[in-house]
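What follows is each chain in one-letter form.
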Amino acid sequence: ACNGLLERLDSGEVVVGDGSYLLTLEKRGYVKAGLWAPEAVVEHPNAVCQLHMEFLRAGSDVMQTFTFSASEDNMESQWEAVNTAACDLAREVADKGDALVAGGICQTSLYAHHKDEVRIKKLFQLQLETFARKNVDFLIAEYFEHAVEAVWAVEVLKESGKPVAATVCIGPEGDMHGVTPGECAVKLMKAGASVVDVNSLQAAGLKEHLMVQSLGFHMPDCGNRGFLDIPEYPFPRVATRWDIQKYTREAYSPGVRYIGGCCGFELYHIRAIAEELAPERGFLPPASEKHGSWGSGLNMHTKPWIRARPRREYWENMWPASGRPLCPSLSKPDA
């Protein structure tokens, strides 16, 4: 790829992230719910490659390695083969476009039981060695419920000399220990992250790039554990493409320039990011060839009331119904 992550962001470019791997591949029959491990990169590499291609075609500028939960504590002897194969698949697809490869790590299973900094950092170090050997373009620490463990991850990743992006999965109240979003961001920046996912840094005098990689679900009723609280987890209510266009605009307006998705973000959600920002960026992704703006292809429909729908005002103001007359609109969290 040409310019690296920071060159792109420094020049004011928008970087479109990619979407969901674990949940999407679970729906397609390649990942087991509950285990949530990425052995598919070894068992079904074509399925992973196909998903990378779909995200690239939908407008992703980043191919994250499918290495979520691929640390030694989760995968035992398989961890190295999985991390290596994931890097190769991401690079193979990234090279078909102008995309960057991001080596990804997430929280460990150990932190909740014993906060052994040395042992946890060793797990991150092992994954980093593979990412360095495979020369990924930058690194992402994502899905951390505890700011402390996220900081440990950043401290390890920055030793590579490559840019580090860091995101935490927290709500407005903060992480699981009550560290506020602003404090989380400052801690991650001070640890060495160049791109973070919470906007409270100007006050601390830190220069930062902002990113957001949201879930593709509607969950105003969840608690501080996010979608894990929802009774329908891990199969909750998917956002529409129009919801994602709104999310994109709400992220872009205050200055977020790395916009992607996490669990539940399908390729049409990524395409919605690229389409919403097409006026600013000056181009559409290849997948938009099969998608008229605001449903413009519907103007060829035989039914006149459907022909009347392809316009922004219609989709932005439509209230989608669940089709389940006896269900409440919101759930009561289990936890």
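Nothing here was measured: the structure is a model prediction, and the numbers come from that model. (Residues numbered from 1 in each chain as written. Predicted model: local features only at pLDDT ≥ 70, side-chain atom pairs only at ≥ 80, totals over all residues. Heavy atoms only, no water.)

Some thoughts on the overall build of the protein
A tally of helices and strands in the protein yields 14 helices and 8 strands. Whereas a compact globule of 335 residues would reach a radius of gyration of roughly 20 Å, the protein reaches 20 Å, a difference of no more than 12%. Taken along the three principal axes of its C-alpha coordinates, the protein extends 65 × 45 × 45 Å. Residues classed as buried in the protein amount to 51% of the 335 residues present. Contacts in the protein between residues far apart in sequence, at least 24 positions, make up 69% of those at least 6 positions apart. Put simply, the protein shows about 15,500 Å² of open surface, and 53% of that area lies on carbon and sulfur atoms. In the protein, which carries 34 positive and 44 negative side-chain charges, the distance between the mean positions of the two groups comes to 6 Å. (Helix = DSSP H or I, 4+ residues; strand = E, 2+ residues; numbered from the N terminus. Rg over C-alpha atoms; globule rule 2.2 N^0.38 Å. Buried < 20%, exposed > 50% of the residue type's maximum accessible area, 1.4 Å probe, protein only. Contact = heavy atoms within 4.5 Å. Areas by Shrake-Rupley, 256 points an atom, 1.4 Å probe, with all protein chains shown as cover. Lys, Arg positive; Asp, Glu negative; His and termini not counted. Charge placed at Lys NZ, Arg CZ, Asp CG, Glu CD.)

Observations regarding the packing of aromatic side chains
Overall, the coordinates contain 12 aromatic pairs when judged by the stated rule. Both rings, one in F68 and one in Y143, keep their centres 5.6 Å apart while their planes meet at 75°; by these two values the pair is edge-to-face. Taken together, the positions of F68 in the loop between strand 2 (62–64) and helix 5 (72–75) and Y143 in the loop between strand 4 (138–142) and helix 8 (147–157) put the pair 75 residues apart, joining distant regions of the chain. Both residues of the pair, F68 and Y143, count as buried. (Phe/Tyr/Trp six-rings, centres within 6.5 Å; stacked < 30°, edge-to-face > 60°.)

Here's the deal with the nonpolar core
Of all hydrophobic cores here, the largest spans 88 residues; its most connected members are V41, M63, F66, F124, L188, I259 and I273. Of the residues forming this core, the biggest block, 9 residues, is contributed by helix 6 (residues 79–94). With sequence-adjacent residues up to four places away left out, M63 is seen in contact with D18, Y21, H52, F55, L56, A90, V93, A94, A99, L100, V101 and A102. (Core = buried A, V, L, I, M, F, W, Y, C linked by side-chain atoms within 4.5 Å.)

Regarding the packing of helix 6 against helix 7 (residues 117–133)
Contact geometry for helix 6 and helix 7: axes closest at 10 Å, N-to-C directions at 35°. Considering how the two elements wind past one another, helix 6 and helix 7 form a crossing that is right-handed. Where helix 6 abuts helix 7, its residues W79, E80, N83, T84 and C87 lie against L126, Q127, T130, F131 and R133. In terms of residue class, the contact of helix 6 with helix 7 is made up of 4 nonpolar, 4 polar and 2 charged. (Axes fitted to C-alpha atoms, helices over the stretch in contact; angles between N-to-C directions. Left-handed = near helix turned anticlockwise from the far one by under 90°. Nonpolar A, V, L, I, M, F, W, Y, C, P; charged D, E, K, R; others polar.)

A word on the pattern of salt bridges
Considering all chains together, one arrives at 17 salt bridges under this definition. In this structure, the salt-bridge partner of R249 is E276, at a minimum N-O distance of 2.8 Å. Here the residue R249 occupies a position in helix 10 (residues 241–252), and E276 occupies one in helix 11 (residues 267–276), the gap between them amounting to 27 residues. R249 sits in the partly exposed class, given a relative accessible area of 24%. Where salt bridges share partners, they join R249, E276, E280, R312 and E316 into one cluster. (Salt bridge = Lys/Arg side-chain N within 4 Å of Asp/Glu carboxyl O.)

A short note on helix 4 (residues 45–58)
The end-to-end C-alpha separation of helix 4 is 20 Å, in line with the 20 Å expected for 14 residues at 1.5 Å each. All of the buried residues in helix 4 are A47, V48, C49, L51, H52, E54, F55, L56 and A58. Structurally, helix 4 contributes buried residues whose contacts are with helix 2 (22–27), helix 3 (40–43), strand 2, helix 6 and helix 11. (Expected span 1.5 Å × (residues − 1).)

Quick notes on the UniProt feature "binding site: Zn(2+)" (unreviewed entry) in the protein
Residues annotated in UniProt with the feature "binding site: Zn(2+)" (unreviewed entry) correspond here to C262 and C263. When you line up the elements, C262 lands in the loop between strand 8 (258–261) and helix 11. Dropping the residues within four chain positions of it, C262 is found in contact with G19, S20, Q213, S214 and L215. The residue C263 is located in the loop between strand 8 and helix 11 in this model. Once you skip the residues sitting within four places of it in the chain, C263 turns out to touch S20, L23, L215, G216, F217 and F227. (UniProt positions renumbered as here; feature names shortened; annotations may be inferred.)

Digging into the pairing of strand 7 (residues 209–214)
Sheet topology note: the strand 6 (residues 195–196)/strand 7 ladder contains 2 bridges and is parallel. Looking at the pairing, V196 lines up with L210 of strand 7. In the sheet, strand 7 pairs with strand 8 via 4 bridges, with the strands oriented parallel. Bridging across to strand 8, M211 finds its partner in Y258. At this point the chain moves from strand 7, through helix 10, to the parallel strand 8, and the crossover so formed is right-handed. (Pairing = 2+ DSSP bridges. Right-handed = clockwise from strand over helix to strand, strands pointing away.)

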